[in-house]
Amino acid sequence: MATVTVEVKEPGRTPLMLVLDGPLVVGRECDGLLLSDSQISRRHLELRPVRGGLDVTDLGSTNGTFVGDEAVTGTRRIGADEQVRLGNVTIRMTSPVGDPAGTGATTLSTDGVRTSIHTIAELVTADRRVVGDGEHRHGTITIVFSDIEDSTARMNAVGDERWFELLGRHNDLVRQAVNRHGGTEVKNQGDGFMLTFPSARRAIQAMARVQWSLSADATRDPAGAIRVRVGMHTGEVIVDDDGDLFGQHVNVAARIGAQAAGGEILVSALTRAILETRREVEFGPPRVEDLKGLSGTHTLHPVIWEAMAHD
């Protein structure tokens, strides 16, 4: 699969640099990259990386998509440094990157420290079965991993009977939030979940709701307080006809979840870039981490979920 780097410029905003390795819809109201320009349609265009270039498809926009002075009808392939214009926004492919490094699944472990997130990820990479996933058959989705921080220590502290009450409450909160925001529960093991959402916005709304609810529970019952850590990443995931889930992005999301602290929602740079276009989400200081088993360093961004509007 090809990977390309694109630059998105919107007046009055810091330019976004995105690495695309799958299709991405761009518009004012879509499950993709959200822009605020009123001249842009709700679902304006789709970007799809191909080897050596980028395919741009106008999705029936009202005001059109242009390369130079030429309107795009259907799909137009652009090369490095060619510029696409939609409203007052420009998109430029800065360079083709080629194929991303290995898409094979890897086993997760962290120097002797294991969590429910590692267990869930290993189960998913072993059987790769997406249970009941009728919507997210392919394309760009947001993948979420979560678990309870120090769950074994909490269980020992409160006792088995109380722990099962708390675990049941936690699991119910996660499932209610997932259902409310159109997500899919891929797998659950004990206190760990792997979830998928059709957009980063829905994913962050769902997991912020879980954090708000657990924070309120902790205020009412400090002795029974539990803290959940959440990691998420947005990328191209392919689901075949048998329901099997493939993609390196699953591993990236799991690694990010393993880096999160209790009470934290930690997201990848691409997920942040998608979320910040709506200006509905605030972020804390970024941190650069080595994600075990993945090449290079990765900039991760904590979400200030306490500042998000909620009902």
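Here the structure is a predicted model, which means the values were calculated and not measured.

Here's the deal with the overall build of the protein
Per the secondary structure count, the protein includes six helices and 20 strands. When burial is assessed residue by residue, the protein has 52% of its 311 residues classed as buried. Of the accessible surface of the protein, which amounts to about 13,800 Å², a share of 47% is contributed by carbon and sulfur atoms.

As for the environment of Ala206
With respect to the secondary-structure elements, Ala206 resides in helix H4 (residues 200-220). In this structure the C-alpha to C-alpha distance between Ala206 and His181, which are 25 residues apart in sequence, comes to 5.9 Å. Excluding its chain neighbours within four sequence positions, the residues that come into contact with Ala206 are Ala177, His181 and Phe197.

What to know about the nonpolar core
Counting 59 residues, the largest nonpolar core has Leu18, Leu54, Ile204, Met232, Ile265 and Val303 as its most contacted members. In terms of residue count, H4 provides more of this core than any other element does, nine residues in total. Leaving out residues up to four positions away in the same chain, Val303 has contacts with Ile204, Ile265, Val267, Val281, Glu282, Phe283 and Met308. Among the nonpolar cores identified, the runner-up in size contains nine residues, and Val186, Met194, Val250 and Ala253 belong to it.

A closer look at the side chain of Ser61
Here Ser61 is to be found in the loop between strand S6 (53-58) and strand S7 (66-67). The exposure class of Ser61 is buried, given its relative accessible area of 12%. A polar atom in the side chain of Ser61 sits 3.3 Å from the side chain of His44. Of the polar contacts made by the side chain of Ser61, one reaches the side chain of Asp58; its length is 2.6 Å.

A closer look at the environment of Val228
Among the structural elements, Val228 can be located in strand S15 (residues 228-236). Using a relative accessible area of 1% as the deciding quantity, one classes Val228 as buried. Residues Val228 and Ser146, spaced 82 residues apart in sequence, show a C-alpha to C-alpha distance of 6.7 Å. With sequence-adjacent residues up to four places away left out, Val228 is seen in contact with Ser146, Asp147, Ile148, His170, Gln211, Leu214, Ala261, Gly262, Gly263 and Glu264.

Regarding the confidence of the model for the protein
In this model, the protein carries an average pLDDT of 81, and 78% of its residues clear a pLDDT of 70 or more. Predicted confidence in the protein is weakest over strand S17 (residues 245-246), with a mean pLDDT of 50, and strongest over S7, with 96. Counted against residues more than four places away or in other chains, residues 97-113, with its pLDDT under 50, gives 38 contacts. When the criterion is pLDDT under 50, residues 128-137 qualifies, and its contacts beyond four places in sequence or with other chains add up to 33 contacts.

Cut-offs used in this document
Residues numbered from 1 in each chain as written. Predicted model: local features only at pLDDT ≥ 70, side-chain atom pairs only at ≥ 80, totals over all residues. Heavy atoms only, no water. Helix = DSSP H or I, 4+ residues; strand = E, 2+ residues; numbered from the N terminus. Buried < 20%, exposed > 50% of the residue type's maximum accessible area, 1.4 Å probe, protein only. Areas by Shrake-Rupley, 256 points an atom, 1.4 Å probe, with all protein chains shown as cover. Contact = heavy atoms within 4.5 Å. Core = buried A, V, L, I, M, F, W, Y, C linked by side-chain atoms within 4.5 Å. Polar contact = N/O pair within 3.5 Å; in protein donor to acceptor, adjacent residues only side chain to side chain. pLDDT = per-residue confidence, 0-100.

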